[in-house]
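Overview (structure and organization)
Residue-level listing of the chains:
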Amino acid sequence: MDVPLYLRPRVEPPLAQLLEDTPFLHSLVDALGSPLNVLLPDTAAANAARFRAVYRRHHLAGRVYFALKANRSAALPRRLAVEDPAAVGVDVASTGELRHALGCGLTGDRIMATGPKDPEFLWLAARVGATVNLDSAGELDQLAALVRKYGLPRVQVLARLSGFEAGGAGTRVLSRRSRFGTPPHDTDALLTAVQRHADAVELTGVAYHLDTTGLEEKVRALEQCVLFLDECRARGLAPRAVDIGGGFGVGYVADAGEWERWTTALSEAVLGVRPPLTWRGHGYGLRNEGGTVRGTAALYPGHRPTAGPGYLDELLSTPAPVLGRAPATLLLEHLHDLHVEPGRSLADQCGLTLARVLEVRPTGDTHLVRLGMNAGDMTLEEHGVLVDPVPLPRGDPAPEERPVGVHLVGNLCLEADLITRRTVFLPRLPRVGDLLAFVNTAGYTMDFHAHHAQRQPLARTVAVEREEESWRWRLDEDYWPITHPGGTPA
Ligand SMILES: *Cc1c(COP(=O)(O)O)cnc(C)c1O
């Protein structure tokens, strides 16, 4: 075999310690089955604190709203509910998520309602005093009508904008088109509607969410929001917050060199100058056109030098194109609050997904390793995130250890049920009964796409906490961030 092309995960404490406790993780899967999701709720709180530290460094006020769509658990929002109410809230994108947030102890004033909304969602959000992040002028009309008809309290709303353009003569659209938010040419009508509905809503700020890692695009959008707030004030409105959404990203692969080597090797494999790196030569969006690599790889940038809170820091410090000053300065000068809605990055290092090895089958030059999970259970691959699982051997490892390339396949009777489409290199061949731990799956990849196909079991989710020298675990639904008198967990 060639030199193994590892993509080893970035693992930080306390997730790193949890991974070292192989007997504990095996005992969990023995009891609760494969696949199994394991969450570290305290890490979500620590991540929120890291975002808050960036706020403090820039002297900014405002909230960190965890985007609940990233994970279905109860443990993460319940843990966040005990954080400072003025500093931490949640972003909900459906009636179900709103109900879930309320049931986890988050009061309405800590909830940001985003996404497309049906009347029930709007009514409940207004009823409990959540902030409504307006998707469109039509949604505003609907909300105002509900407020009047049911005598609801005046609702705080943010105007979500999209389709930001270059200033000045250029009309080049610099951000990709979005199906959400109000484009620039419709903001005037939106503000007119806000004023018409002044009895029912109060415009407290402006918002955007750009699903990209492009920093310049976001700096530009933030600046345009500040300029838009000036416009609002010129019209006699008094909004004071900018909500810059999520998309701060996560670094999955620890080593920049491994990521570089792997992506270079993918191009070489597509060109045919080295053996395929993937199942049936899949190119992840790249193709060979007469000896040249074309297309763009549909991959998440696996190694990220700055992500999460560090990315926010960079965003706040990068001079904006029109006014020439850093967004943090613009916000501070205007005394605007800053809100963020991190999903993936707030769930960074908050969990892992375990799968049992059910079969190891030699196939010519590699092995098929069949796991007790399917491609819907653990969707790093679906999200274009390429990162190796961590093998957790059962008992003593085999005496001879030799790196191998394997293909990880799922438990469905379906050719396409591949856990990864690439050849995954492991330091040794797994054995039946071993576990593979997929690290950092709490953001979108542990339960977002899980389904009941073939009546395979859905993963259970447990929340674990460090307790002196060992780990305490509870089913996710039984996790509460309090202890009973006498010190036993709730
Ligand atoms: C999905 C979403 C987020 C979270 O995005 P991440 O990339 O997970 O940080 C935040 N805000 C809105 C409106 C969203 O739709």
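These figures come from a predicted structure and were not determined experimentally. (Residues numbered from 1 in each chain as written. Predicted model: local features only at pLDDT ≥ 70, side-chain atom pairs only at ≥ 80, totals over all residues. Heavy atoms only, no water.)

Observations concerning the overall build of the chain
Each helix and strand counted, the chain has 12 helices and 19 strands in total. A compact globule built from 490 residues would reach a C-alpha radius of gyration of about 23 Å, and the chain, at 24 Å, matches this within 12%. Principal-axis analysis of the C-alpha atoms gives the chain an extent of 75 × 70 × 40 Å. Burial status across the chain gives 54% buried among its 490 residues. Sequence separation of 24 or more characterises 72% of the internal contacts of the chain that already satisfy a separation of 6 or more. Summing over all exposed atoms, the chain offers an accessible surface of approximately 20,600 Å²; the carbon and sulfur share of this is 52%. (Helix = DSSP H or I, 4+ residues; strand = E, 2+ residues; numbered from the N terminus. Rg over C-alpha atoms; globule rule 2.2 N^0.38 Å. Buried < 20%, exposed > 50% of the residue type's maximum accessible area, 1.4 Å probe, protein only. Contact = heavy atoms within 4.5 Å. Areas by Shrake-Rupley, 256 points an atom, 1.4 Å probe, with all protein chains shown as cover.)

A word on the environment of Phe-66
Tracing the backbone shows Phe-66 in strand E2 (residues 64–67). For the pair Phe-66 and Trp-473, spaced 407 residues apart in sequence, the C-alpha to C-alpha distance is 23 Å. When residues no more than four places from it in sequence are discounted, the contact partners of Phe-66 are Leu-76, Leu-80, Gly-89, Val-90, Asp-91, Pro-342, Gly-343, Leu-346 and Ala-347.

With respect to the domain arrangement of the chain
It is common to give the size of an interface as the accessible area lost on bringing the parts into contact. Parsing the chain into structural domains produces domain 1 (15–40 + 349–478), domain 2 (42–249 + 300–339) and domain 3 (256–295). For domain 1 versus domain 3, the separation of C-alpha centres amounts to 26 Å. If you look at the interface, domain 1 gives 10 residues, while domain 3 gives 8 residues. Of the roughly 890 Å² buried between domain 1 and domain 3, counting both surfaces, carbon and sulfur atoms make up 62%. A per-residue breakdown of the area domain 1 buries against domain 3 is headed by Leu-386, Arg-421 and Arg-422, which together make up 48% of the total. Here domain 1 is connected to domain 3 by 1 salt bridge. The salt bridge involving Glu-415 is made with Arg-280; its shortest N-O contact spans 3.7 Å. (Domains from an automatic or database assignment. Buried area = accessible area lost by both parts, 1.4 Å probe. Salt bridge = Lys/Arg side-chain N within 4 Å of Asp/Glu carboxyl O.)

Overview of helix H10 (residues 256–271)
Helix length check: H10 (16 residues) gives 23 Å between terminal C-alpha atoms against 22 Å at 1.5 Å per residue, within 8%. Where H10 is concerned, the buried positions are Glu-258, Trp-259, Trp-262, Ala-265, Leu-266, Ala-269 and Val-270. The arc that holds the buried residues of H10, viewed along the axis, is 140°, so those residues lie on one side. The elements touched by buried residues of H10 are strand E9 (287–289). Its side-chain oxygen placed 3.1 Å from the backbone nitrogen of Gly-257, Asp-255 serves as the N-cap of H10. A positive phi of about 85° marks Gly-272, the residue just after H10. (Expected span 1.5 Å × (residues − 1). Arc of directions from axis to C-beta. Polar contact = N/O pair within 3.5 Å; in protein donor to acceptor, adjacent residues only side chain to side chain.)

Some words on the nonpolar core
Within the largest apolar cluster, 81 residues are counted, with the highest numbers of intra-cluster contacts made by Leu-143, Ile-244 and Leu-312. Residues lining this core come from more than one domain, with at least three contributed by each of domain 1 (15–40 + 349–478) and domain 2 (42–249 + 300–339). Discounting residues that sit within four places of it in the chain, Leu-143 has contacts with Leu-122, Ala-126, Val-132, Leu-134, Val-155, Val-157 and Val-201. One finds Val-250, Leu-371, Val-404 and Leu-426 within the second-largest nonpolar core, a separate group that totals 36 residues. (Core = buried A, V, L, I, M, F, W, Y, C linked by side-chain atoms within 4.5 Å.)

As for the sheet that holds strand E3 (residues 88–92)
Strands sit in the order E2-E3-E4-E5-E6-E7-E8-E11 across an open sheet of 8 strands; the sheet is parallel. Where the open sheet ends on each side, the last strands, each with one partner, are E2 and strand E11 (337–339). Strand-to-strand twist across the sheet, computed as the mean angle between neighbouring axes with direction ignored, equals 30°. One ladder, built from 2 bridges, connects strand E4 (residues 111–113) with strand E5 (residues 131–134); its direction is parallel. When the bridges of E5 are listed, Ala-113 appears paired with Val-132. Packing of helix H5 (residues 95–103) onto the sheet brings it into contact with E3 and E4, and relative to E3 it is tilted by some 155°. (Pairing = 2+ DSSP bridges. Axes fitted to C-alpha atoms, helices over the stretch in contact; angles between N-to-C directions.)

Structural notes on the environment of Arg-431
Residue position: Arg-431 is located in the loop between strand E16 (424–426) and strand E17 (435–439). Looking at Arg-431, the relative accessible area reads 35%, which means it is partly exposed. Counting along the chain gives 71 residues from Arg-431 to Val-360, while the straight-line C-alpha distance between them is 6.7 Å. Setting aside anything within four residues of it in sequence, one finds Arg-431 in contact with Val-357, Val-360, Arg-394, Asp-396, Pro-397 and Ala-398. For Arg-431, the side chain forms a polar contact with the main-chain oxygen of Asp-396, separated by 2.5 Å.

Description of the packing of helix H9 (residues 215–234) against helix H11 (residues 309–317)
If you want to describe how two helices pack, look at the angle between their axes and the distance between the axes. Direction vectors running N to C along H9 and H11 enclose 55°, while the axes themselves pass 9 Å from each other. Judged by the angle between their axes, H9 and H11 are oblique. Note that H9 runs across H11; the crossing there is right-handed. From H9, Leu-215, Lys-218, Val-219 and Leu-222 reach across to H11, where they touch Tyr-311, Glu-314, Leu-315 and Leu-316. (Parallel < 35°, antiparallel > 145°, perpendicular 65-115°, else oblique. Left-handed = near helix turned anticlockwise from the far one by under 90°.)

Remarks on the pattern of salt bridges
In this structure the tally under the stated criterion is 25 salt bridges. For Asp-141, the salt bridge is made with Arg-196, and the minimal N-O distance between the two is 3.5 Å. Of the two residues, Asp-141 is situated in helix H7 (residues 137–149) and Arg-196 in helix H8 (residues 187–196); the sequence distance between them amounts to 55 residues. Arg-196 gets classed as exposed once you look at its relative accessible area, which sits at 52%. Between Asp-230 and Arg-233 there is a salt bridge, with the nearest N and O atoms lying 3.3 Å from each other. Residue Asp-230 and its partner Arg-233 are located together in helix H9, separated by 3 residues, close to a single helical turn. Within this structure, Arg-10, Glu-12 and Asp-348 form a network of salt bridges that share partners.

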